[in-house]
Amino acid sequence: MNYDPPIAHILLAMRSVGITDTDNFSLADAQTILDQAGRFAAERIAPLNWIGDQNPARLENGMVITPPGWKETYQDWCAAGWNSLTGPPQFDGQGLPMVLAVACTELWNAASISFALCPLLTAGAIEAIAAHASDDLKQHYLPKLVSGEWTGTMNLTEPQSGSDLSQLRCKARRNDDGTYSITGNKIYITYGDHECASNIVHLVLARLDDAPEGTRGISLFLVPKYLPEGARNDLRCHSLEHKLGIHASPTCAMIYGDNGSAKGWLIGEENRGLACMFTMMNNARLLVGVQGVALAERATQAAISFAKERRQGRLSGVTDQSSAIIDHPDVKRMLLEMRAKTSAARALCMATAAAMDASAIATSDGEKQRYSAQASLLTPLAKSYATDIAVEVTSAAIQVYGGMGFIEETGVAQYYRDARILPIYEGTNGIQAIDLVTRKLMLDDGATFANELATCGNALVDFTDEDTTKQTIAIIVELAGVLNNKQNSAVALAAATPFLRAVAATIAGGYLAKSAIAARGTALENESQVNARFFIGVEIPTAISAAKASVAGAQLVLGAEFA
């Protein structure tokens, strides 16, 4: 199934969030880079997607083997410089902005999410090491992680703990030489082992014997597959998970210290590991949102192409031949909903990346704090909204295909299976909603949230009347007030997810409106205008109504019992 990289749509999203030329980056550069990235994605990575789905990663004789073509394509991808795109320049990275990482991440993941998961985790490891590790660790590990010669992982989850990191049991013991001995088990480790790279750098959360209880007693350690002297470390992949989707991505159960202990090095300070890991997780959460955009885009392309070719039934006034199903109003509704949701999610993810970039280059503390707070607010919205719509859009694509969509050979079912993990990993979307109502609403005493609503409200009025926009914002503010009341903490948790959807849809709608405004006078003008009007007129009111009903019915949730 062919993939057509949506370069013009991605560049439009960049322009709409105010990306302008700087000393080391321009939109012309972005066009050139994305054209090349799109070509590699479509010609080299996309053909592997079905192959990887049908030939999952496997564990043989203690070694994880990826699907045919994986290793060669990954190494060619690294040789072309794609892994170093946003890496720190002092470690041979290109230092390009997060908006470009978001753009390219969409292309890689639309081509094959299973392939693109490996560099996504490596990028997070680079962030954490660059921000928190010692100079010696940076000098030894970052150049090869940035180049992609080595890959990185994130080791959080254990069988008994799930999302509750306070229950971690993985142990760390201090050694006389300043290293640490790591023992324990981890599960759900993406690319925990594979043959594509010559070394794998694991970032492992573990607990010292004298550490405080709970999350205050967690430390972060760098534990490589191969030690600096070249010897194999005491760690291994015990088994691979058999999954609904992302079959080609090896999801490993890892064991540390089978033969005594795995050697590791502390990142940051003892008992401060969670703060270090969040450096990795925050960017990863945005990029998981981008994975949602990618799969939604791929499914939308497939559904539109199929609907143009598939002929079924006869529309009124047509008697001589059957009609293409794209002309049937219900199919047209599904396709428009898919396209509008995908565009809105892309705009929201790009806005989040732009805030991260603005914080990174800010010249004053006040500016840095303002943009950092904006990125913190938008991150759970982007992660949740984009991954939720990925499931919805890929499911709708199967519906457009009808019975043929339920048949694996058509390929569209894979998008749905691959998408289903996205609302779960990197912090479930329920956790993102709790983060929103318990922390993010009150950043800077609520000023960040109020400013974001006001900015997006100003864009919405171009596509709906002012009274409707004011009413939408007023309802969200009212619901936020209810959920932010400490006396309603249980209500807030019961209604957090629908509330996040309403907030995310409204803010995404504002950025989608900005995209439509930026598209005026271009080849994308009509499509962008229709997307914005449909999303603002249909999707936002639907999300607002669901949030109102959920807040009103929260007591029913709290009082429910299950025998």
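Check the entry above for the structure.
Residues numbered from 1 in each chain as written. Predicted model: local features only at pLDDT ≥ 70, side-chain atom pairs only at ≥ 80, totals over all residues. Heavy atoms only, no water.

Here we come to the overall build of the protein chain. Of regular secondary structure, the protein chain possesses 17 helices and 10 strands. Based on the C-alpha atoms only, the size of the protein chain along its principal axes is roughly 80 × 65 × 55 Å. Counting all 563 residues of the protein chain, 57% fall into the buried class. Total accessible area computed for the protein chain in this model is approximately 23200 Å², and 50% of it derives from carbon and sulfur atoms. For the protein chain, the distance from the average site of its 45 positive side-chain charges to the average site of its 59 negative ones is 3 Å. (Helix = DSSP H or I, 4+ residues; strand = E, 2+ residues; numbered from the N terminus. Buried < 20%, exposed > 50% of the residue type's maximum accessible area, 1.4 Å probe, protein only. Areas by Shrake-Rupley, 256 points an atom, 1.4 Å probe, with all protein chains shown as cover. Lys, Arg positive; Asp, Glu negative; His and termini not counted. Charge placed at Lys NZ, Arg CZ, Asp CG, Glu CD.)

Okay, the packing of helix α6 (residues 113-132) against helix α8 (residues 273-309) next. Axis separation between α6 and α8 bottoms out at 8 Å; the angle between their running directions is 155 degrees. Between α6 and α8, the crossing angle belongs to the class labelled roughly antiparallel. α6 and α8 meet at a crossing whose hand is right-handed. For the pair α6 and α8, contact is made by I113, L117, L120, L121, G124, A125, E127, A128, A131 and H132 and by A275, C276, T279, M280, N283, A284, L287, Q291 and L295, respectively. For the contact of α6 with α8, the residue count by class is 13 nonpolar, 5 polar and 1 charged. (Axes fitted to C-alpha atoms, helices over the stretch in contact; angles between N-to-C directions. Parallel < 35°, antiparallel > 145°, perpendicular 65-115°, else oblique. Left-handed = near helix turned anticlockwise from the far one by under 90°. Contact = heavy atoms within 4.5 Å. Nonpolar A, V, L, I, M, F, W, Y, C, P; charged D, E, K, R; others polar.)

A few words on the pairing of strand β4 (residues 171-174). Bridging between β4 and strand β5 (residues 180-190) involves 4 bridges; their strand directions are antiparallel. Bridge pairing links A172 to I182 in β5. Between β4 and β5, which pair antiparallel one after the other, the connecting turn spans 5 residues, and G178 there sits at a positive phi close to 90 degrees. For β4 and strand β6 (residues 199-208), the ladder comprises 2 bridges, and the chain directions are parallel. By the bridge assignment, K171 is partnered in β6 with R207. (Pairing = 2+ DSSP bridges.)

What follows covers the nonpolar core. M14, L34, W108, L203 and F499 are the most contacted members of the largest nonpolar core, which totals 174 residues. With 19 residues, α8 is the largest single contributor of residues to this core. Within the second largest apolar cluster, 21 residues are counted, among which are C170, A172, L235 and L266. (Core = buried A, V, L, I, M, F, W, Y, C linked by side-chain atoms within 4.5 Å.)

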